[in-house]
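Coordinate analysis (summary)
The primary structure of each chain is shown beneath.
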Amino acid sequence: MSELAPQFDPKQIEGPLIERWLEGGYFCGVPDAGKTPFDITIPPPNVTGVLHMGHALNNTIQDVLIRKNRMAGRPTRWVLGTDHAGIATQNKVEQKLAKEGLSRSEIGREAFTRKCWEWREQYGSRIVDQLKSMGCSCDYGDEWFTMNESYQRAVREVFVDWYDAGLIYRGRRIINWCPRCTTALSDIEVEHEDIAGRLHYLRYPLLTPVGERTHITVATTRPETILGDTAIAVNPGDERYTELVGSFAVLPLVGRKLELIADDYVDPDFGTGAVKMTPAHDPNDFEVGQRHDLEQINILDENGVINDQGGKYAGLDRSECRKVILADLEAGGFVEKIEEYPHAVGHCYRCHTQIEPYLSDQWFVDMKPLAAPALSAVRDGRVKFHPERWSNVYYHWMENIRDWCISRQLWWGHRIPVFYCDACGGQFASKDDLSACPDCGAPLRQDEDVLDTWFSSQLWPFATFGWPQESAELAYWYPTSALSTAPDILFLWVARMIMSGLYFMDGQAPFSDVIIHPTVFNKEGKRMSKSLGTGVDPLDLMESYGADGMRFGLMLQVTGVQDLKFSEEKLLSSRNFANKIWNAARFVLMNTEDYQPVASPPTPTHTVDRWILSRLYGLSSRVTGGIDRFEFGEVARELYEFVWNEFCDWYIELAKGRLQDSAAERAAVQRMLVFVLDQVLRLLHPMMPFVTEEIWGKLPLERAHEAEMLVVAAWPDPSVLARYHDTEAESAIETIKAVISALRTTRARYGISPKTALRAVVRTSLPEQTEFITSRRALIEGLANTSSLEVATVLDKPPSSVSVIGAGLEVFIPLEGLVDLDAERARLSREQDKLATELERLQRKLGNEGYLGQAAAAVIEKDRARAEELQELLAKIEGQIADLS
RNA sequence: GGGCGAUUAGCUCAGUGGGAGAGCGCUGCCUCGACACGGCAGAGGUCACUGGUUCAAGUCCAGUAUCGCCCACCA
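Residues numbered from 1 in each chain as written. Chains lettered and ligands numbered in written order. Predicted model: local features only at pLDDT ≥ 70, side-chain atom pairs only at ≥ 80, totals over all residues. Heavy atoms only, no water.

Next up on the list: the packing of helix H2 (residues 53-71) against helix H17 (residues 607-628). The contact between H2 and H17 brings their axes to 10 Å, and the two run at 125°. Comparing their axes, H17 and H2 come out oblique. The chirality of how H2 crosses H17 is left-handed. Of the residues in H17, those touching H2 at Val64, Leu65 and Lys68 are Thr624, Ile627 and Asp628. Its residues assigned to classes, the contact of H2 with H17 shows 3 nonpolar, 1 polar and 2 charged. (Axes fitted to C-alpha atoms, helices over the stretch in contact; angles between N-to-C directions. Helix = DSSP H or I, 4+ residues; strand = E, 2+ residues; numbered from the N terminus. Parallel < 35°, antiparallel > 145°, perpendicular 65-115°, else oblique. Left-handed = near helix turned anticlockwise from the far one by under 90°. Contact = heavy atoms within 4.5 Å. Nonpolar A, V, L, I, M, F, W, Y, C, P; charged D, E, K, R; others polar.)

Here strand S17 (residues 418-421) shows a buried face lined by Val418 and Tyr420 and a second buried face lined by Phe419 and Cys421. One ladder, built from 3 bridges, connects S17 with strand S18 (residues 427-429); its direction is antiparallel. Bridging from a neighbouring strand, Tyr420 pairs with Gln427 of S18. Where S17 hands over to S18, the hairpin turn is made up of 5 residues, of which Gly425 adopts a positive phi near 80°. Here 3 bridges tie S17 to strand S19 (residues 444-446), and the two strands are oriented antiparallel to one another. When the bridges of S19 are listed, Tyr420 appears paired with Arg445. (Buried < 20%, exposed > 50% of the residue type's maximum accessible area, 1.4 Å probe, protein only. Pairing = 2+ DSSP bridges.)

Quick look at the sheet that holds strand S21 (residues 482-485) now. The sheet built from 3 strands is open, its strands ordered S14-S22-S21 with parallel pairing. Edge strands, defined here as strands with exactly one partner in the open sheet, are strand S14 (384-386) and S21. Across this sheet, the average inter-strand angle for adjacent strands is 20°, counted without regard to direction. Pairing between S14 and strand S22 (residues 513-516): 3 bridges, direction parallel. Following the sheet pairing, Phe385 is matched in S22 by Val514. Across the face of the sheet, H2 comes into contact with S21 and S22 while running at roughly 160° to S21. Where helix H14 (residues 490-504) meets the sheet, it contacts S14, S21 and S22, and its direction lies at approximately 175° from that of S21.

This next bit is on the protein's contact with RNA strand B. Not every one of the 58 residues close to RNA strand B is listed here, only the nearest: Gln7, Asn284, Val561, Arg637 and Trp644. Looking at RNA strand B alone, sugar and phosphate atoms form 56% of those within 4 Å of the protein. At a separation of 2.6 Å, a base nitrogen of RNA strand B approaches a polar backbone atom of Phe270. A distance of 3.0 Å separates a base nitrogen of RNA strand B from a polar atom in the side chain of Glu653. (Near = heavy atom within 4 Å. Polar contact = N/O pair within 3.5 Å; in protein donor to acceptor, adjacent residues only side chain to side chain.)

With that settled, consider the sheet that holds S17. Taken in spatial order, the 3 strands of this open sheet run S18-S17-S19, and their pairing is antiparallel. At either margin of the open sheet sits one strand with a lone partner, and together these are S18 and S19. Averaged over all adjacent pairs, the angle separating strand axes in this sheet is 30°, with direction ignored. Each of S17, S18 and S19 touches helix H6 (residues 149-164); the most contacted strand, S18, lies at about 130° to it.

Below, the discussion takes up the pattern of salt bridges. What the rule picks out here adds up to 54 salt bridges. Asp238 is the partner of Arg240 in a salt bridge, and the nearest nitrogen-oxygen pair spans 2.8 Å. With a relative accessible area of 7%, Asp238 lands in the buried category. With a closest N to O distance of 3.0 Å, Arg382 and Asp380 form a salt bridge. The structure contains a network of salt bridges with shared partners spanning Arg77, Asp139, Asp142 and Glu473. (Salt bridge = Lys/Arg side-chain N within 4 Å of Asp/Glu carboxyl O.)

Across chain A, the average pLDDT comes to 90, with 98% of residues at 70 or higher. The ipTM for the predicted assembly is 0.95, set against a pTM of 0.93. (pLDDT = per-residue confidence, 0-100.)

If you walk through the whole model with that rule in mind, you get 36 aromatic pairs. When the centroid spacing of 6.3 Å and the interplanar angle of 65° are considered together, the rings of Tyr394 and Tyr395 count as edge-to-face. Considered together, Tyr394 and Tyr395 belong to a single accessibility category, that of buried residues. Members of the aromatic cluster, each reached through a chain of ring pairs, are Phe159, Trp162, Tyr163, Trp363, Trp404, Phe455, Phe462, Trp467, Tyr478, Tyr503 and Phe504. Seen from the ring of Trp411, Arg104 lies directly overhead, with NZ or CZ sitting 4.9 Å from the centre. Over the ring of Trp404 we find Arg496, and its NZ or CZ is 3.7 Å from the ring centre. (Phe/Tyr/Trp six-rings, centres within 6.5 Å; stacked < 30°, edge-to-face > 60°. Lys NZ or Arg CZ within 6 Å of the ring centre and 35° of its normal.)

Tallied over the full model, the rule gives 0 disulfides. Its sulfur unpaired, Cys421 is 3.4 Å from the next cysteine sulfur, which belongs to Cys440. What makes Cys440 partly exposed here is its relative accessible area of 39%. (Disulfide = S-S within 2.5 Å.)

Right, dumping it as structure tokens:
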């Protein structure tokens, strides 16, 4: 009796199997100098994070690659770890403190970072556990963290190297400032979003009238910034203002004298052609200010509140200030008009607060020298993007790259390893902490800022192998094989890994293939997001469909598309698919209790066996190639179709009768059932690791020569299975299927119970067909319930019979008294029209000289054969219609 | 303002030059010893639109429309 329940229950097997895989140590990659490794460093999830749909998709992709290559015998390793995620984690910890009525400034830097580490201890393993429950075969014994000791050394090594090379510098610039996170951000951490803004036309009185002109009008979207105005600019070629250049205006409400200057930056066609200059709060104005030596007046504090420079407006929040200033301007008659003006403004990618362009001292990386080799690496194919179109996006960004602001005014992160001597003014970047000035011996103080999280993330593919420590491990596993990730971190992370990898690892890119998977959207086309409430929790999905069901359902949805509208139905069918596999295995196990396992592969003689093995060969070839080409959706569909429509619907059904045959026949079928199921479980394992492992463990295999578990069993080698390729058997089985389908269709059409045995008469077109069908009549009798089966090349249509035609055959089914002759005649007539139309089209094509001259011979041959077949079919139908009249 | 992607059956989507497909849903029949998370049989589509290339176009090219995404320092 089978030990398997009739319905597959993922919950019962998933936990224990994870334990067994871990205990077996199968996930720890072991270097083998003679073999090419396959390894991936996981995109490290944030320590604060929980598993979302993007992770579920991305990690399934990686696990499929890892498991397939592990089975194929390559030393395989999937490096695991988490990212300290500066802003995100700091925000979480601050929120927690706030609940306790505390703020970070109250407890101080040291206590605060301690709290962050505690947070990491408490929640850092959450997402790792979730990866385990998905079945991800990461190297759990070697978990990394972007702030661990070794990683800190890597970060310092990089900083100091680039500092010494002049690639890292400090500068006073306009950067993107988030007043809520109170830190600088890099350009790519800003999300542009259209808002319904307004363009305010403001009248600035001239100090002394020029001719009839008493004022000049400027346009601005941010009236509160007038507090920082230090000039007015016009285009030098703009004749409207030529006479005013060099004169002065008076800043409303403030009274500051503003010179009218001329600069090419100004577009005379926009607004009034005159622009107020606020060098401390606008990047363009800043540059104009540099050229004209304008005063920079910073009017905001770090929280976005007007500072002392704002006079009576000091203390107002920036948005409040806008309202108050506008009211005052209106009252003073300075507002000429206000227009609706939708435009894009930047928002913080972490907290979504409006970004403030802000003048401050920050650290930058000079990117152009790093970008050049990284461009070549993709251009000459050392790094390939999948789908390929993403390389254009990469080129565009890299070609227009700007310097990277890497300093953050946070406490949680890698502190910038630069030390200042207040005594002698010295500045030192150092891999080790310094306490005394190397020049004068005075005490030093370290820079207060930390580095952008992405500064450390970019080192992931080599820092996780212990770099900067040179080691055999690093040499063996670097460069890694593939990287799979979401498109939204292409610039933040992927591009930077390529740049730093090439720079520090001797010109070797960190990976050869970058898989950019689709972004997961919900059915309404909205981004899956927890905060928007549009997300689906992968843990819930695994609860409903099992880990295998979720994984396979996701793989079915991965094609070359850019955005993926998540379909839960696919997960349902995948759960059902797992159940189908489970029950096919039950059938095999129930029928092999008396089977003696053998190690050698089968040598099939029966046509059905030759057929399924030939199909298996084709499957192995498509699955192997498909995974290697990252065509996951295609692979999933191939597996689904083979298991369900070929193995279950036909092979197993045809096997049922044969199992009751002679002992030799039964043994042969048993051998086949075990072999095909074994092979197909191997092919399925990367996508559905749990159900396949569980079943495989129960298969009657010759265990002495087998791997301990499926996770490390040998991958089916298409070049070995190629010996089973057998087109003759494939077409022979098509014939059998055609006869059976003809009988079934007739039953359904006339409502004849499956229990009523039918008499069938088959007219074939070839003697070989007659012979084959005759020799396999038992199969037909079994699946179509025929009481007698007469087959011949020459025979008369039996009286009162209906007929079905196809595949060079005519199947006649005598249905004395059961058939509505009119209905049958109408049906045949419809069939005739259909075939005639097809034939007509085909003949027109075959009469076309251009076609005959240029089309491939095989294509023409195929069409000719089809035309011939159609003519035969039409002749038969005509005969049948005549018979019925 | 630039770039990319999508538009195929009621829904979600495969299908990159020669016979329109899948899953779910729908209809009919089936409690047949693997599976009702199942079996068998069916219905359902002018492949967004216009033009072009080709002997041949869902598939290649150009344009249009609609939707979506990314990049972008014109106040």
